[in-house]
Amino acid sequence: MSLSVQENRIVAVNRVGENSLQTVLQGKVELPSTAAPIGRIVWVKGDPVVDSFTVDQDRVYVQGAVDLAMVYVPETLGDEPAGLSRVEWPSALPFDTYVEVLGADPDALASVDLTILACEWVLAAGQFALDVDIILAVDAAVDQVREFTAVSGANLAKPVKLTTDGVVLNPLPPPLELKVAKQVTGMLDFAEEDGLVRTILDLEAEIKLEEAVFSEGTLEVRAWASLDLLYEAEDLTVKYRQFAQALTFDLSFQQEGIQPGMALKCGLQKSCEGFVVNDGRSIRVELSIGGALLATAAQPIQVLTDISAPGGLVETRKELLAVDSAVSQKDQQAVVRGLIELTEGLPPIREILKSRAQPHVTDFEVEEDKLTVEGVVDLEIFYLAHSEEDTKPLFRGYFPEAIPFSQTLAIPGLELGMQPRIDLKCVAVRPDLINRETMEAAITLRYKVDVVEYLEVEAVVEAVDVEPAPEDPPTLTFVFTQGGDTVWKLAKRYHTTEEAILQANPSLQDEAGALKPGDHICIPR
């Protein structure tokens, strides 16, 4: 009789926990010595950047800073036209904080996400400085990579009926991290009707991965960046332009582990700078891309939970395997709408130039095959106000938690107790001006949900065929080990105990019972 088994090594990523923290950052920033004093602040914008993070016992430590940028109307004498000015303060508000995540340890993996929830400022006396308060949300998720070996198949050469039972698991694989460090440069040209560019007020880039081609050991990605530009022309009018697919670029990777059929997730970070050139007829754009692309391959695997044969001819050893197993995915878009009234202090709207929205999940409810997501959307608009002047002034309106929403998603396979991991993003904002102080906003949200089930399975990790015990076995048996042998298998095969084998072979005690092919082992019977 000869039992052959198929053993599979499983590398799985299990979620340890996640948590969020809100912290207040305060600081004072001053204008450069050559800048004109502040007459009116249009906006102050914060951009949080993670410098580093480390995982420790039950904590994730995060270090970074918030870059600040301000657009303002300088104070001028008499009726002299002021125009607009932009000032930047890199790393203006540094932070060093931690998020508590129970179960985290230094060997765990972590991901960190930063969101600015509020930004307030007060103009200091003298009009050359301002005090800034920012509420920063720090979200941290901690994962643990675990390795298991389990039996996924078994058969007997001898014509004996072998009975097996098992389950199929879909453990989450650790992502293959493909580091990116790339600089992309391009030119934006302006027609005569667009006006000569005087000042870049706001420039944002959005990266899209268009095509990914996987082959053994290589990955080729075609990507592009769209640009949103808010600028002041030489005649002091403010204009908004969108440049679809303005910058195209390729990313190439050669790395062990890349294989056909993998899925790709974007973890890129970007910063974008613009410089007015050609006497205002063009803008040179410099896009810095960092971070990584994350490639994963699905790994469904059958794990045997029992192997049996008549007469107890097969012995098994089981261990508890605890894994996060993928159940299903959902990718859906939906539109939410709401009415927005201008808040006190904002002048009537003449024309909305640009709008953007930030959704937040506040709660969710799981039912059989259904997920209900609740949340709110923050809305931000940049607009030209009604004015008797020929040049209409620029204003910014910010409306936190302006539009509540509740969306039910049909997700086959979802059950109570499962974990939906929700990624929610805004893909489009369409404001419709009803009157000078009221607008209706239609916001398209994209829901990407990965459903995960935490499973604990008593799985067979070792199996061996066992002959009936002889009536008069020898006191000692000497064997040369073969590939796949373990102390447990030898103990079962020769009807003794692991403790007896370890005691008779002191060298195994120093090596934690590890066996190599060709080892000479004494087995007491």
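Residues numbered from 1 in each chain as written. Predicted model: local features only at pLDDT ≥ 70, side-chain atom pairs only at ≥ 80, totals over all residues. Heavy atoms only, no water.

Trainee: Whenever I open this one, the pairing of strand E2 (residues 38-56) confuses me. Can you help?
Mentor: The pairing of E2 with strand E3 (residues 59-74) spans 16 bridges and is classified as antiparallel. The residue of E3 that forms the bridge with Pro48 is Val66. Between E2 and E3, which pair antiparallel and follow one another directly, the connecting turn spans two residues, one of which, Asp58, has a positive phi of 65 degrees. (Pairing = 2+ DSSP bridges. Helix = DSSP H or I, 4+ residues; strand = E, 2+ residues; numbered from the N terminus.)

Trainee: What should I look at first to understand the side chain of Ser152 in this one?
Mentor: Along the polypeptide, Ser152 turns up in strand E6 (residues 129-156). Here Ser152 is in contact with Gln6, Asn8, Gln302 and Leu304, once residues within four sequence places are set aside. (Contact = heavy atoms within 4.5 Å.)

Trainee: Would you mind showing me how to read unusual backbone geometry here?
Mentor: Glycine aside, a negative phi is what most residues show, and trans is what most peptide bonds show. Within the chain, Asn278 stands out as a residue other than glycine whose phi angle is a positive 55 degrees. Even without being a glycine, His495 presents a positive backbone phi close to 55 degrees. Assignment of secondary structure puts His495 in the loop between helix H1 (487-493) and helix H2 (498-504). By relative accessible area, His495 is classed as partly exposed at 37%. (Buried < 20%, exposed > 50% of the residue type's maximum accessible area, 1.4 Å probe, protein only.)

Trainee: Where do I start with the nonpolar core in this structure?
Mentor: One recurring pattern in soluble globular proteins: nonpolar side chains tend to sit buried together. Core analysis: the largest hydrophobic core is formed by 35 residues, its most contacted members being Leu178, Phe190, Leu229, Phe253, Ile283, Ile289 and Leu293. Counting only elements with at least two residues in this core, the list comes to strand E8 (176-179), strand E9 (182-189), strand E10 (197-215), strand E11 (218-233), strand E12 (238-254) and strand E14 (282-296). Setting aside anything within four residues of it in sequence, one finds Phe253 in contact with Leu178, Lys179, Val180, Gly217, Thr218, Leu219, Val221, Ile258 and Leu293. With 33 residues, the next largest nonpolar core counts Val373, Tyr383, Met418 and Leu445 among its residues. (Core = buried A, V, L, I, M, F, W, Y, C linked by side-chain atoms within 4.5 Å.)

Trainee: Even after reading the chapter, I still don't get the sheet that holds strand E20 (residues 419-435), so can you show me in this structure?
Mentor: Strand order in the open sheet formed by three strands is E16-E21-E20, and the pairing between neighbours is antiparallel. Lying at the two open borders of the sheet, with one neighbouring strand each, are strand E16 (314-341) and E20. Put simply, the sheet's adjacent strands are angled 5 degrees from each other on average, direction ignored. Judged from the 27 bridges that link them, E16 and strand E21 (residues 438-465) form a sheet pairing that is antiparallel. Looking at the pairing, Val314 lines up with Asp465 of E21. (Axes fitted to C-alpha atoms, helices over the stretch in contact; angles between N-to-C directions.)

Trainee: Help me understand the packing of aromatic side chains, please; the structure alone is not making it clear to me.
Mentor: Aromatic ring pairs: the centre-centre distance and the angle between the two ring planes describe each pair. Enumeration over the complete set of coordinates arrives at six aromatic pairs. Between Tyr61 and Tyr98 the ring centres are 5.6 Å apart and the planes differ by 50 degrees, which places this aromatic pair in the tilted class. Placement of Tyr61 in strand E3 and of Tyr98 in strand E4 (residues 85-100) is noted, with a sequence separation of 37 residues between them. We classify Tyr61 as partly exposed; its relative accessible area is 24%. Directly above the aromatic system of Phe395 lies the positively charged group of Arg40, at a separation of 3.9 Å from the ring centroid. Positioned above the aromatic ring of Tyr98, the side-chain terminus of Arg59 is 3.9 Å from the ring centre. (Phe/Tyr/Trp six-rings, centres within 6.5 Å; stacked < 30°, edge-to-face > 60°. Lys NZ or Arg CZ within 6 Å of the ring centre and 35° of its normal.)

Trainee: I would appreciate a short explanation of the sheet that holds strand E19 (residues 394-410) in the present structure.
Mentor: Sheet strands pair by backbone hydrogen bonding; their relative direction is either parallel or antiparallel. Sheet architecture is open: three strands sit in the order E17-E18-E19, paired in antiparallel fashion. Two strands bound the open sheet, and with one partner strand each, they are strand E17 (349-367) and E19. Direction aside, neighbouring strands of the sheet carry axes that sit 15 degrees apart on average. Taken together, the 14 bridges between strand E18 (residues 370-385) and E19 define a ladder with antiparallel strand orientation. Looking across to E19, one finds that Glu374 is bridged to Ser406.

Trainee: Explanation requested: the side chain of Asp202 in the structure shown.
Mentor: Checked against the element boundaries, Asp202 lands in strand E10. Of the polar contacts made by the side chain of Asp202, one reaches the side chain of Lys45; its length is 3.1 Å. Within the local environment of Asp202, its side chain forms a polar contact with the side chain of Lys354, the two groups lying 2.8 Å apart. Discounting chain neighbours no more than four positions away, the residues touching Asp202 are Trp43, Lys45, Arg86, Asp228, Leu229, Leu230, Lys354 and Arg356. (Polar contact = N/O pair within 3.5 Å; in protein donor to acceptor, adjacent residues only side chain to side chain.)

Trainee: What is the right way to look at the state of the cysteines in this model?
Mentor: Formally, a disulfide is one covalent bond, and it connects the sulfur atom of one cysteine to the sulfur atom of another. This structure, assessed with the given rule, holds zero disulfides. A disulfide-free cysteine, Cys426 has its sulfur positioned 17 Å from the sulfur of Cys266, the nearest such atom. By relative accessible area, Cys426 is classed as partly exposed at 25%. (Disulfide = S-S within 2.5 Å.)

Trainee: Teacher, can you tell me more about the pattern of salt bridges here?
Mentor: When charged atoms on two side chains of opposite charge get close, those side chains can pair. The final tally for this structure, using the stated rule, is 26 salt bridges. Here Glu319 and Arg317 are joined by a salt bridge, their closest N and O atoms 2.8 Å apart. With a shortest N-O distance of 2.5 Å, Asp331 and Arg446 are connected by a salt bridge. Taken together, the residues span a long stretch of sequence, with Asp331 in strand E16 and Arg446 in strand E21 at a distance of 115 residues. Using a relative accessible area of 42% as the deciding quantity, one classes Asp331 as partly exposed. The class of Arg446 is partly exposed, set by a relative accessible area of 30%. Connected via shared salt-bridge partners are Lys45, Asp202, Glu204, Lys354, Arg356, Glu380 and Arg396. (Salt bridge = Lys/Arg side-chain N within 4 Å of Asp/Glu carboxyl O.)

Trainee: Please explain a negative patch on the surface as it appears in this structure.
Mentor: A contiguous patch of negative charge, built from Asp363, Glu365, Glu367 and Glu374, is present on the exposed surface. Among the elements that line the negative patch, the one with the most residues is E17, at three residues. On the secondary structure map, Glu374 appears in strand E18. (Patch = residues over 30% accessible without salt bridge, like charges linked within 9 Å, V, L, I, M, F, W, Y side chains within 5 Å. Areas by Shrake-Rupley, 256 points an atom, 1.4 Å probe, with all protein chains shown as cover. Lys, Arg positive; Asp, Glu negative; His and termini not counted. Charge placed at Lys NZ, Arg CZ, Asp CG, Glu CD.)

Trainee: Can you walk me through the environment of Gly83 in this structure?
Mentor: By secondary structure assignment, the location of Gly83 is in the loop between E3 and E4. The buried category is assigned to Gly83, whose relative accessible area is 11%. Setting aside residues no more than four positions away along its own chain, Gly83 makes contact with Tyr72, Val73, Pro74, Arg198, Glu232 and Leu236.

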